[in-house]
Amino acid sequence: MTTTHHICLLPGDGIGPEITAEAVKVLGAIGERSGASFRFTEALLGGAAIDATGSALPEETLAAAHAADAVLLAAIGGPKWDTTSPDKPRPEQGLLGIRKALGLYANLRPVKIFDALKDASSLKPEYLEGVDMLIVRELTGGLYFGDRARQRSVPGAATGGGPGQRAYDTMDYREFEIERIARVAFEAARTRRGKVHSVDKANVLESSRLWREIVHRLHAAEFSDVELVDQLVDNSAMQLVRWPAQFDVMVTENMFGDILSDEASMLTGSLGMLASASLGDGTALYEPSHGSAPDIAGQGIANPLAMLLSVELMLRMSFGMAEAADALGAAIEGVLADGWRTRDIADASTLPQKMVGTTAMGDLIVERMRG
Ligand code: IPM
Ligand code: MG
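These numbers come from a predicted model, not from an experiment.

Undergrad: Whenever I open this one, the site of ligand 1 confuses me. Can you help?
TA: Close contacts around ligand 1 come from Glu92, Leu95, Arg99, Arg109, Arg137, Tyr144 and Asp258, and that covers them all. Within the side chain of Arg99, a nitrogen or oxygen atom sits 2.7 Å from an oxygen atom of ligand 1. At 2.9 Å from an oxygen atom of ligand 1 is found a side-chain nitrogen or oxygen belonging to Asp258. The fraction of the free accessible surface of ligand 1 (320 Å²) that becomes covered by protein chains is 78%. For the shell around ligand 1, the class distribution of residues is two nonpolar, no polar and five charged. Composition of the shell around ligand 1 by domain shows at least three residues from each of domain 1 (1-117 + 275-371) and domain 2 (122-267).

Written out as structure tokens, the structure reads:
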């Protein structure tokens, strides 16, 4: 009997549709070899959804996501929808809205170095020795979801300065939110090298002091076999480029994780190589960590690998298809080892005839999997 996995596709904006097409192609090849089959429902999110419906997260999209076994999201956003007006819809509301609605509180971003790409990293190769880390980013709390407001006019007397606008965002965390994300990190560490860096700003922020307290309480109660290191976020930013191999699992709040994961992606050579899985209590969502790259959209040169690595995570974590996931991972590694590069991961040693676009990269991976 064939198992059919139902995937909700959210291609979004910019390069999103191009890399989604590669994911569908690769899943087709995986279906052939594994006997599993995939059924796709495509829905609108982000700018594309704003254009079509006026909302970045239409009801039908949410319903389609809920109905699927997993969601595969490409990227959202672009200059077309950029606005500083608090009253206009933004593509990002779609992404944040779906994360919240599906309860996806744990965002896992593995930072893995491909041997073939060591020269594409902005760090010297000797700094990359032994780098293999997992960033566990809290995804439904903190500044992204705290109380916020823009006040159009604050009288001068109240501000001590001239009259003008005022805006604020609040970093807000509850005990249970911290505990559940810390649990994800400790459990992941047990399957890896047994070490967790908990990143906060406890020397300044009250929410970080609560974070630290709860992480330590859980550690003492249930995970004392795992090594726990506290690190201040500014120090982590520096340590990531000074000695990245010290990290096994890094757990942190939403915005710190957003920033540090972009930084960490450069260890791999390109933001185009960083996959992610967002997990909660229900349907999981998989997406590359990069954005919609509007500057190169429609040119057929985007790197589809972060998307395909996200498919690998989906096969492994949502569908229990470890063998297919291994095969996909090996195919990606093999194609890179053979010297094939998209523009973002090319370097001086790349042969001109081995520079490929989005579709050709997808084809190479399919061929490699077919052996
Ligand atoms: C990410 C992105 C998003 C985030 C943006 C597009 C809202 O940068 O997934 O890292 O900040 O979470
Ligand atoms: Mg980001």
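Undergrad: Whenever I open this one, helix 9 (residues 254-265) confuses me. Can you help?
TA: Side chains of residues three or four places apart in an α-helix project in the same direction, reflecting 3.6 residues per turn. Spanning 12 residues, helix 9 covers 16 Å between terminal C-alpha atoms, matching the ideal 16 Å at 1.5 Å per step. Residues of helix 9 that are buried include every one of Asn254, Phe256, Gly257, Leu260, Ser261, Ala264 and Ser265, and no others. Seen from one end, helix 9 has its buried residues packed into an arc of 150°, which puts them on one side. Considering only its buried residues, helix 9 is in contact with strand 4 (106-112), strand 5 (132-138), strand 8 (195-200), helix 7 (206-222), helix 8 (233-242) and strand 10 (249-252). Put simply, Glu253 is the residue that caps the front of helix 9, since its side-chain oxygen is 3.0 Å from the backbone nitrogen of Met255.

Undergrad: I would appreciate a short explanation of the pattern of salt bridges in the present structure.
TA: Two side chains with opposite charge may pair up if their charged atoms get near one another. Counted according to the given criterion, the structure contains 28 salt bridges. Close ionic contact of Arg183 with Glu222 constitutes a salt bridge, the shortest N to O distance being 2.7 Å. Highlighted residues: Arg183 in helix 6 (residues 175-190) and Glu222 in helix 7, separated in sequence by 39 residues. Here Glu222 falls in the partly exposed class, since its relative accessible area comes to 39%.

Undergrad: What is the right way to read the nonpolar core from this model?
TA: It is characteristic of soluble globular proteins that their nonpolar side chains tend to be buried jointly. Formed by 48 residues in total, the largest nonpolar core has its most connected members in Ile30, Leu305, Leu315, Leu328, Ile332, Leu336 and Ile365. Taken together, the elements giving at least two residues each to this core come down to strand 1 (4-12), helix 1 (16-34), strand 3 (70-75), strand 12 (284-286), helix 10 (305-317), helix 11 (322-337) and helix 12 (358-370). It is helix 10 that contributes the most residues to this core, eight residues altogether. Membership of the second largest hydrophobic core comes to 24 residues, among which are Ala182, Ala188, Trp211 and Val226.

Undergrad: Would you explain the packing of aromatic side chains in this entry?
TA: What characterises a pair of aromatic rings is the spacing of the ring centres plus the angle enclosed by the ring planes. Throughout the structure, instances matching the rule amount to three aromatic pairs. With 5.0 Å between their ring centres and 20° between their planes, Phe186 and Phe223 make a pair best called stacked. Within this pair, whereas Phe186 is found in helix 6, its partner Phe223 is found in the loop between helix 7 and strand 9 (227-232), the two being separated by 37 residues in sequence. By relative accessible area, Phe223 is classed as buried at 1%. In this structure, Arg137 is placed above the aromatic ring of Tyr144, and the distance from its NZ or CZ to the ring centre is 5.3 Å. For Lys354, the ring lying beneath its charged end belongs to Trp340, and the centroid distance is 4.9 Å.

Undergrad: Help me understand the pairing of strand 10, please; the structure alone is not making it clear to me.
TA: Residues Val249 and Val251 point to one face of strand 10 and Met250 and Thr252 to the other, with burial holding for every one of them. Bridging between strand 5 and strand 10 involves four bridges; their strand directions are parallel. Bridge pairing in strand 10 places Val136 opposite Val251. As paired elements, strand 8 and strand 10 share four bridges and run parallel to each other. Looking at strand 10, one finds that Val199 is bridged to Thr252.

Undergrad: Could you clarify how one ought to interpret the domain arrangement of the chain in this entry?
TA: Accessible area lost on assembly of the parts is the figure often given for the size of an interface. When the domains of the chain are assigned, the result is domain 1 (1-117 + 275-371) and domain 2 (122-267). Between the C-alpha centres of domain 1 and domain 2 the distance comes to 25 Å. Domain 1 puts 17 residues into the contact, and the matching count from domain 2 is 23 residues. Counting each side, the surface lost to burial between domain 1 and domain 2 is near 1900 Å², with a carbon and sulfur contribution of 62%. The largest share of the area that domain 1 buries against domain 2 comes from Tyr105, Arg109 and Val111, three residues that together contribute 37% of it. One can count one salt bridge joining domain 1 with domain 2.

Quick notes on the rules
Residues numbered from 1 in each chain as written. Chains lettered and ligands numbered in written order. Predicted model: local features only at pLDDT ≥ 70, side-chain atom pairs only at ≥ 80, totals over all residues. Heavy atoms only, no water. Near = heavy atom within 4 Å. Polar contact = N/O pair within 3.5 Å; in protein donor to acceptor, adjacent residues only side chain to side chain. Areas by Shrake-Rupley, 256 points an atom, 1.4 Å probe, with all protein chains shown as cover. Nonpolar A, V, L, I, M, F, W, Y, C, P; charged D, E, K, R; others polar. Domains from an automatic or database assignment. Helix = DSSP H or I, 4+ residues; strand = E, 2+ residues; numbered from the N terminus. Expected span 1.5 Å × (residues − 1). Buried < 20%, exposed > 50% of the residue type's maximum accessible area, 1.4 Å probe, protein only. Arc of directions from axis to C-beta. Contact = heavy atoms within 4.5 Å. Salt bridge = Lys/Arg side-chain N within 4 Å of Asp/Glu carboxyl O. Core = buried A, V, L, I, M, F, W, Y, C linked by side-chain atoms within 4.5 Å. Phe/Tyr/Trp six-rings, centres within 6.5 Å; stacked < 30°, edge-to-face > 60°. Lys NZ or Arg CZ within 6 Å of the ring centre and 35° of its normal. Pairing = 2+ DSSP bridges. Buried area = accessible area lost by both parts, 1.4 Å probe.

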